[in-house]
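Okay, here's what each chain looks like letter by letter:
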Amino acid sequence: MALYFARSARSLVADALEGFARAHGDLVAYHPEHGFLRARHSSPLRRVGVVSGGGCGHEPLHTGFVGAGMLDAACPGQVFASPHNRQIFEASRAVARREGVLHIVKNYTGDRINFGIAAERLAHERVPCARVLVDDDIASDGPAVAVGRRGTGATVLLEKLLGAAADRGLGLAELTDLGTRLTGRCRSVAVASAPPTAPATGRPAFDLPPGVLEYGVGIHGERAGRTIPEEPLDTLVDRMTTALLAALPPPPDGTLIALVSGLGSVTRLELYAVLRELARTLDDLGFALRRSMVGDFVTALDTRGFCLTLLTADDETTGLYDAPVSTPAWRW
């Protein structure tokens, strides 16, 4: 059974990228020969180009965040698959500024390897390159996970904050240091009541019986380390928020930035109810929610679930978050 409207599973990504570029041609340009999207507009103050990428199936990540104030380029791979190092190399070379290029990389083996090979190729051409590794998923934090925490919802916030910092003219070392500090102050956790469906087979990634939730589900159809019985939303969000706060350094003035992202098949009606419970929990614990975003930001095809991301905030972080942005997914 085919699940998605497409000419074929093989053509879906390329067709979607071409359609995306047509829909947002005022903001992005598609380079099909090298498989990347590039921003048409960027601040002349940038000394460093900003590049990210990863498998498709997470839209609007990463392509939706290409544009002024965020990414100079994004490299999309096949569904749930890393982009090729050639894509990353060509995109990086195309957008590098006088101080080089910064790679924002989610902590998955394929992404790390291919961005690493691209960085080596850039070094041969004397293009400076540095990496910020995003590893925010607390569900994959433990000795059983060899590569460490996965990169999930924090990726969007890092792309926004580092894009704004690049617009202020920060150099490559300064951006790398800022990104490293920000990743240490950002954590995420996701739950799901139904797994994603593979475009090629139309079958669920795994079986999940009624009445339970995958607590700590991944964004590539990875099963969580455990299931829990379905529980009222306030109890579930309390559980998730408490776990995130325990994994974060205490906010200097008790303020936080939150991202509530659907994983593909949860309605906005439900997601706003999630934010309500998150804000209530934070209020009860004496924290202040300085900024919040609700919607689909880092999805996992049609997974029925949501991800909570918290970032400890300060005046610098809030200023970078509020800075102007003009991308297909975010504009203010």
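Preceding block: the structure.
Here the residue numbering is sequential within each chain, running from 1 through the sequence in written order. The model is predicted, so local features are restricted to residues of pLDDT at least 70 and side-chain atom pairs to those at 80 or more, both for listing and for counting; the totals for chains, interfaces and linings are taken over all residues. Think of the side-chain values as coming from all heavy atoms in the structure, minus any hydrogens and water.

(A) Examining the overall build of the protein chain more closely. Comment: elements are numbered from the N terminus, with helices defined as DSSP H or I runs of at least four residues and strands as E runs of at least two. Counting its regular elements, the protein chain contains 8 helices and 12 strands. A compact globule built from 332 residues should have a C-alpha radius of gyration of about 20 Å, and the protein chain, at 19 Å, falls within 12% of that. Projected onto its principal axes, the C-alpha positions of the protein chain cover 55 × 55 × 40 Å. Buried residues in the protein chain amount to 55% of all 332 residues. Contacts: residue pairs with any heavy atoms within 4.5 Å of one another. Within the protein chain, contacts between residues at least 6 apart in sequence are counted, and of these 73% link residues at least 24 apart. Of the accessible surface of the protein chain, which amounts to about 13,600 Å², a share of 55% is contributed by carbon and sulfur atoms. Here the radius of gyration uses the C-alpha set of atoms, whereas the globule reference equals 2.2 Å times the residue count to the power 0.38. Each residue is assigned to one of three classes by its accessible area relative to the maximum for its type, calculated with a 1.4 Å probe on protein chains only: buried under 20%, partly exposed between the two thresholds, exposed over 50%. All accessible-area figures derive from a Shrake-Rupley calculation using a 1.4 Å probe, and residue coverage is judged against the displayed protein chains alone.

(B) Fine view of the pairing of strand 4 (residues 73-79). Within strand 4, 5 of the 7 residues are buried, leaving the element largely enclosed by the surrounding structure. Here, strands pair whenever DSSP counts at least two bridges between them. Where strand 2 (residues 36-39) meets strand 4, 2 bridges bridge the pair, whose relative direction is antiparallel. Paired with Arg38 across the strands is Ala73, a residue of strand 4. Of the pairings in the sheet, the one linking strand 3 (residues 49-56) to strand 4 comprises 6 bridges and is parallel in character. Bridge pairing links Gly54 to Pro76 in strand 4.

(C) Inspection of the layout of surface pockets at higher detail. Approximately 350 Å³ is the volume found for the largest pocket. Of the grid points, spaced at 1 Å and generated over the protein atoms alone, those admitting a 1.4 Å probe that cannot get out make up cavities, while open sets with protein on both sides within 12 Å along at least five of seven lines make up pockets; any residue with an atom within 4 Å of a point is treated as lining. Taken together, 15 residues line the largest pocket, and the ones lying closest to its centre are Leu12, Ala16, Gly57, Glu59 and Leu301. With 5 residues, the top contributor of residues to the lining of the largest pocket is helix 1 (residues 12-23). Classes in brief: Ala, Val, Leu, Ile, Met, Phe, Trp, Tyr, Cys and Pro nonpolar; Asp, Glu, Lys and Arg charged; the others, Gly included, polar. Taken together, the residues that form the lining of the largest pocket break down as 11 nonpolar, 3 polar and 1 charged. Grid points are joined across faces, edges and corners, and a volume is the space filled by probe spheres set on the points. When its volume is computed, the second largest pocket comes out at roughly 260 Å³. Within the residue set of the lining of the second largest pocket, elements represented by two or more residues are strand 7 (186-194), helix 6 (233-247), helix 7 (268-285) and strand 12 (304-312). Looking at side-chain class alone, the lining of the second largest pocket contains 9 nonpolar, 2 polar and 4 charged residues.

(D) Structural view of empty space enclosed by the protein. Enumeration according to the criterion identifies 1 cavity of 30 Å³ or more in this entry. Taken as a whole, the largest cavity spans an internal volume of roughly 50 Å³. What lines the largest cavity is simply Gly53, Gly54, Gly55, Cys56, Glu59, Leu61, His62, Thr63, Ala74, Cys75 and Pro76. Only strand 3 and strand 4 provide two or more residues apiece to the lining of the largest cavity. Ranked by the residues each element gives to the lining of the largest cavity, the list is headed by strand 3, at 4 residues. Of the residues contributing to the lining of the largest cavity, the split by class is 5 nonpolar, 5 polar and 1 charged.

(E) Looking closely at the nonpolar core. Ranked by size, the top nonpolar core spans 59 residues in total, and within it Leu102, Val156, Leu158, Leu162, Phe297 and Trp330 carry the most contacts. Only buried residues count toward a nonpolar core. Its members are Ala, Val, Leu, Ile, Met, Phe, Trp, Tyr and Cys residues joined through side-chain atoms within 4.5 Å. Ranked by size, the runner-up nonpolar core spans 25 residues in total, among them Leu236, Leu256, Val260 and Leu308.

(F) The arrangement of the side chain of Thr327 in detail. Looking at the element boundaries, Thr327 is found in the segment after helix 8 (315-322). Non-local contacts of Thr327, meaning those with residues more than four positions away in its chain, are made with Leu27, Gly64, Phe65, Val66, Gly67, Ala68 and Met70.

(G) Region of the structure containing the pairing of strand 5 (residues 101-106). Within strand 5, 6 of the 6 residues are buried, which leaves the element mostly enclosed by the surrounding structure. Where burial is concerned, the two faces of strand 5 agree: the one with Val101, His103 and Val105 and the one with Leu102, Ile104 and Lys106 are both buried. Sheet analysis places strand 3 next to strand 5, joined by 4 bridges and oriented parallel. Bridge pairing in strand 5 places Ser52 opposite Ile104. Here 6 bridges tie strand 5 to strand 6 (residues 129-134), and the two strands are oriented parallel to one another. If you follow Val105 over to strand 6, its bridge partner there is Leu133. Crossover handedness is defined here as right-handed if the route from the first strand over the helix to the second strand goes clockwise, with the strands pointing away from the viewer. Taking the sense of rotation as the criterion, the β-α-β connection linking strand 5, helix 3 (residues 109-124) and strand 6 turns out right-handed.

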